[in-house]
Amino acid sequence: MYLDEYPFLPSKNKRDEGAFLDYIPTEYSTNGIGDYRESCLDVETLNGFTATQLSYVSYKTVKGKKKIDNLPTSFGNPEDVDSLIITCEDKYNRLKVDLIYSVFKDVDVITRSVEVENIGENPIFLTKVYSACLDMENKDFEVISLHGSWARERHVECTKLSHLQYVVQSTRGESSHQDHPFLALKTSKTSEDCGEVYAMNFVYSGNFCATAALNQFDFVRMTMGINSKDFKWKLNAGEVFATPEAVLVYSSEGLGKMTTTFHDFYRKHLIRSPYLHKERPILINNWEATYFDFDSDKLIDIAREAKNLGIEMLVMDDGWFGNRFDDNRSLGDWKVNENKIKGGLKSLVDKVNEMGLKFGIWFEPEMISPDSDLYREHPDWAIGITGMDNTRSRNQYVLDLSRPEVVQYTYEQVAAICRSANIDYVKWDMNRQLTNLGSSYLSADQMGELSHRYMLGVYKLQDMLISEFPGLLIENCSGGGARFDPGMLYYSPQIWCSDDTDAIERLAIMEGTALIYPLSTIGAHVSTVPNHAVGRVTPMKTRGDVALFGTFGYELDVTKLSDEDKKCVVAQVELYHKYNELIREGDYYRISSYRENGEYECFGVVSKDKKEAIYIYLQVFRKPNMHSKRIPLRGLNPDYKYFVEDTEQELPGDVLMNVGINQPILDSDFSSRLIALKCI
Ligand code: GLA
């Protein structure tokens, strides 16, 4: 592509190609041979050398797509997926490298992963193995990424691509609250409906690194893979290392098309749960209602009232086991505390079932409290470095899941509880990041494998749980939304999106999350006011309208609700049953973001056949002395005529999309309107 244009050098005029690898678009870049951009494959040999040189050997195409061992992998029938495997070899380091690509008939996506095999006699250390690399010319690109913190995850950020390297990464052992395994390049002119976007998302829940930069010749390189920080994998002769896969989406029809493609892909080719296309039971979770201060009587009271209001499942959150009266203790001691849960778990679950509610339970299986029987018995089961003070976070340590016996033991604890009563749902939590990376199980030359082996342990645990309890609804969670990623979606059809349940903060969190993930995956609950995370007071109707666009549930003490709020809950439950299928299965459209306009939020969902739609308009801050506005909707069929349910108007699709729907000023800030349309 650029080879006829060598950089001009006055003294020589022409230089050896090898000296200009920086100039050549490369499918999978390697370290130390003259390409000084971000490399994808770095090694360390027994002699201490770090350069890697790949050359092309062969390719083959196959029908279907191989499952990556021990890792979440997208899937599809052989007739719907084709895979290309390009085999390369590093003759010096004796490595065979397969670059694996899959394309799908029904969704415009390319997945990429890499397998590295040691075909030599000596071990070699892999110090970086990325999954994808994309070199291209600059099209005045901007970088979109998702940034956040606890209680404000995945806010959309956009910045101009420059010669400074843009790095989005996690080194925390989880995909994290702070940064997200997603990166997109869009042209400066790309809008919701027009223009180009190149996006990558990583099917992995641990340390990742995504980069984008312009180099000295203004060429773009974009990469994605496991973070190389603290990563060093010993590959013995004959062994293979397989990377997680990256999902690549290109859209020439704006950001909207990118979003639809990701949503369709994850619903069709990644999420396996039998609940994917089912209406999930409306749950009530006791966390924000009681925190640790509950017993079975209190739970029964909540369940009774919840049942009266139409709620369908009680979820017992943190605090039911061991000596867990606060977050200082007992993680690892997964035995029911019968002082709190009188008569034991089965008795409570049976009573709740008799009332006509399902029952769900919270676990944090990957953790161990220093104050726990488990830690007293097995201090070496915690990740840590002997002799160094282990950093406590939320007063807890992390179990060493690189160790097979710890995985097995942990599984047995969770499974024993699930076997002991009629459990329909598990909330699988993970409330701290990894530190003090030391394992008393791994040898010194394998210590750099800990973070990845930890993730493999987590995936194994969830795989075992699904295999033994195929009907279980799992909701992953991590201190709110620190592990909301495609890796987790392979195991659970929904993920708790954030500990921030405030309806206004949720607008930004949902915008960023729904940029990639279907609404059917986004855990969203109605909670009390003032909101526990931000202290904001919003109307009950607004809280319900916002949560409706996620998996929908409640997280408050229903026994304390006013009669007016109870009536509101009954109405919300009805709306959920009416619109859940549309919201779960339809196409999501962003209309206008409060982040950008400073005034209101509007987004919606249109059914695939375009016969039904529902949008939410939320007035965040009223601008003084403003009149009603018209909001052009998206996603409708211009030739259909729609009935607008609340105003009882009949309006053509092209009018609704081009002129817009009339939106009066609402009485107060934080008020919302649901705009439901039906084709007539
Ligand atoms: C995390 C979760 C919450 C709750 C608590 C319990 O913070 O995100 O929803 O389950 O843990 O300790």
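Residues numbered from 1 in each chain as written. Predicted model: local features only at pLDDT ≥ 70, side-chain atom pairs only at ≥ 80, totals over all residues. Heavy atoms only, no water.

## Observations concerning the packing of aromatic side chains
Definition in use: Only Phe, Tyr and Trp rings are paired, with Trp represented by its six-membered ring, and only when their centres lie within 6.5 Å; those with planes under 30 degrees apart are stacked, over 60 edge-to-face, the remainder tilted. Under the DSSP-based scheme used, a helix requires at least four consecutive residues in state H or I and a strand at least two consecutive residues in state E, with every element numbered from the N terminus. Relative accessibility thresholds used throughout: buried, under 20% of the residue-type maximum; exposed, over 50%; partly exposed, between the two (1.4 Å probe, protein chains only).
Under the counting rule described, the total for this entry stands at 37 aromatic pairs. Ring plane angle 65° and centroid distance 5.5 Å describe the contact between Trp334 and Phe363, whose orientation is recorded as edge-to-face. Of the two residues, Trp334 is situated in the loop between β18 (313–316) and α4 (344–354) and Phe363 in strand β19 (residues 358–363); the sequence distance between them amounts to 29 residues. Taken as a pair, Trp334 and Phe363 share a single burial class, namely buried. Relative to Phe603, the ring of Phe549 lies with its centre 5.1 Å away and its plane at 75°, an arrangement referred to as edge-to-face. Linking Phe549 in the loop between α10 (540–547) and β27 (553–555) with Phe603 in strand β29 (residues 600–606), this pair joins segments that are 54 residues apart in sequence. Under the relative-accessibility criterion, Phe549 is labelled buried at 0%. Through pairs of rings, three or more aromatic residues link up here, namely Phe104, Phe182, Phe262, Phe265, Tyr266, Phe484 and Tyr517.

## Examining the sheet that holds strand β28 (residues 587–592)
Strands in a sheet are paired, the pairing made by backbone hydrogen bonds, and the direction either parallel or antiparallel. The cut-off we apply is this: Strand pairing is defined by DSSP finding a minimum of two bridges between the two strands. Here, axes are lines fitted to C-alpha atoms. For helices the fit covers the stretch in contact, and angles between N-to-C directions go from 0 to 180 degrees. Note on definitions: a residue-residue contact is assigned when non-hydrogen atoms from the two residues lie within 4.5 Å.
Spatial ordering of the open sheet is given by β28-β29-β30-β35-β32-β33, a layout of six strands whose pairing is antiparallel. Lying at the two open borders of the sheet, with one neighbouring strand each, are β28 and β33 (649–652). Averaged over all pairs of adjacent strands, the angle between strand axes in this sheet comes to 25°, irrespective of strand direction. Inspection of the sheet shows strand β30 (residues 612–619) paired to strand β35 (residues 671–679) by eight bridges, in the antiparallel sense. Across the sheet, the residue bridging to Ile616 is Leu674, located in β35. Across the sheet, α10 is in contact with β30 and β35; its angle to β35 comes to roughly 45°.

## Observations concerning the site of the ligand
This is how the line gets drawn: The near set for a molecule or strand comprises every residue that places at least one heavy atom within 4 Å of it. Definition of a polar contact: a pair of N or O atoms within 3.5 Å, with one able to donate and the other able to accept a hydrogen when the atoms are protein atoms, and with sequence-neighbouring residues admitted only if both atoms are side-chain atoms. Computed with a 1.4 Å probe, the accessible areas rest on the Shrake-Rupley method; for each residue, only the protein chains presented here act as cover. Polar here means any residue other than Ala, Val, Leu, Ile, Met, Phe, Trp, Tyr, Cys and Pro, which are nonpolar, and Asp, Glu, Lys and Arg, which are charged; Gly is therefore polar.
As a matter of local geometry, the ligand sits amid 13 residues, with Asp317, Asp318, Lys427, Gly480 and Asp499 nearest to it. One nitrogen or oxygen atom from the side chain of Asp318 is found 2.6 Å from an oxygen atom belonging to the ligand. In the complex, the protein chains occlude 97% of the 310 Å² of accessible area that the ligand would expose alone. Residue classes in the shell around the ligand are distributed as four nonpolar, three polar and six charged.

## Regarding the sheet that holds β18
Strand order in the open sheet formed by nine strands is β25-β24-β23-β22-β19-β18-β17-β27-β26, with parallel pairing between adjacent strands. Every interior strand has two partners, whereas the edge strands, β25 (522–523) and β26 (525–527), have only one. Where strand β17 (residues 283–285) lies against β18, three bridges are found, and the strand directions are parallel. Looking at the pairing, Ile284 lines up with Leu314 of β18. On top of the sheet, α4 reaches β18 and β19; it is set at about 140° to β19, its chief contact.

## Examining the packing of α10 against helix α11 (residues 563–585)
Heads up, the condition is: Here the word oblique covers every angle except those under 35 degrees (roughly parallel), over 145 (roughly antiparallel) and from 65 to 115 (roughly perpendicular). Here a crossing is taken to be left-handed if its near helix is turned anticlockwise relative to the far helix by less than a right angle, and right-handed if that turn runs clockwise.
Axis separation between α10 and α11 bottoms out at 10 Å; the angle between their running directions is 20°. Here α10 is positioned roughly parallel relative to α11, judged by the angle of their axes. Of the two possible hands of crossing, α10 and α11 adopt the one that is right-handed. Judged by residue contacts, Met540, Lys541, Gly544 and Asp545 of α10 engage Asp565, Cys568, Val569, Gln572 and Leu575 from α11. Of the residues that constitute the contact of α10 with α11, the class distribution is four nonpolar, two polar and three charged.

## As for empty space enclosed by the protein
The criterion, for reference: Detection works on a 1 Å grid of protein atoms alone, calling trapped sets that fit a 1.4 Å probe cavities and calling open sets with protein on both sides within 12 Å along at least five of seven lines pockets, with lining residues defined by an atom within 4 Å of a point. Grid points are joined across faces, edges and corners, and a volume is the space filled by probe spheres set on the points.
Counted under the stated rule, the structure contains five cavities of 30 Å³ or more. Element by element, the count of residues in the lining of the largest cavity is highest for α10, at three residues. Broken down by class, the residue content of the lining of the largest cavity amounts to five nonpolar, two polar and two charged.

## Let's talk about the pattern of salt bridges
A side chain of one charge can pair with a side chain of the opposite charge when the charged atoms of the two come close. For the record, the criterion: What counts as a salt bridge is simple: a side-chain nitrogen of Lys or Arg found within 4 Å of a carboxyl oxygen of Asp or Glu.
Applying the stated rule across the entire model yields 53 salt bridges. Salt-bridge contacts for Glu245 lead to Lys65; the nearest nitrogen and oxygen are separated by 2.8 Å. With a gap of 180 residues between them, Glu245 in the loop between β15 (240–242) and β16 (246–251) and Lys65 in the loop between β2 (55–63) and β3 (81–90) connect regions that are remote in the sequence. Residues Glu245 and Lys65 agree in their burial class; the two are buried. Among the salt bridges present, the one from Asp380 reaches Arg403, with a minimum N-O distance of 3.4 Å. In this pair, Asp380 is assigned in the loop between α5 (373–377) and β21 (397–398) and Arg403 in the loop between β21 and α6 (404–420), connecting sequence segments 23 residues apart. Look at Arg403 and you get buried, because its relative accessible area is 10%. One salt-bridge network, held together by shared partners, links Asp326, Arg329, Asp371, Asp373 and Arg376.

## Describing the side chain of Asp317
Relative to the helices and strands, Asp317 resides in the loop between β18 and α4. A residue is classified by how much of its surface remains accessible, and Asp317, at 2% relative accessible area, is buried. Of note is the side chain of Asp317, whose polar atom sits 2.8 Å from the side chain of Asn285. Apart from residues lying up to four places away in sequence, Asp317 is in contact with Asn285, Asn286, Trp287, Phe294, Trp362 and Lys427.

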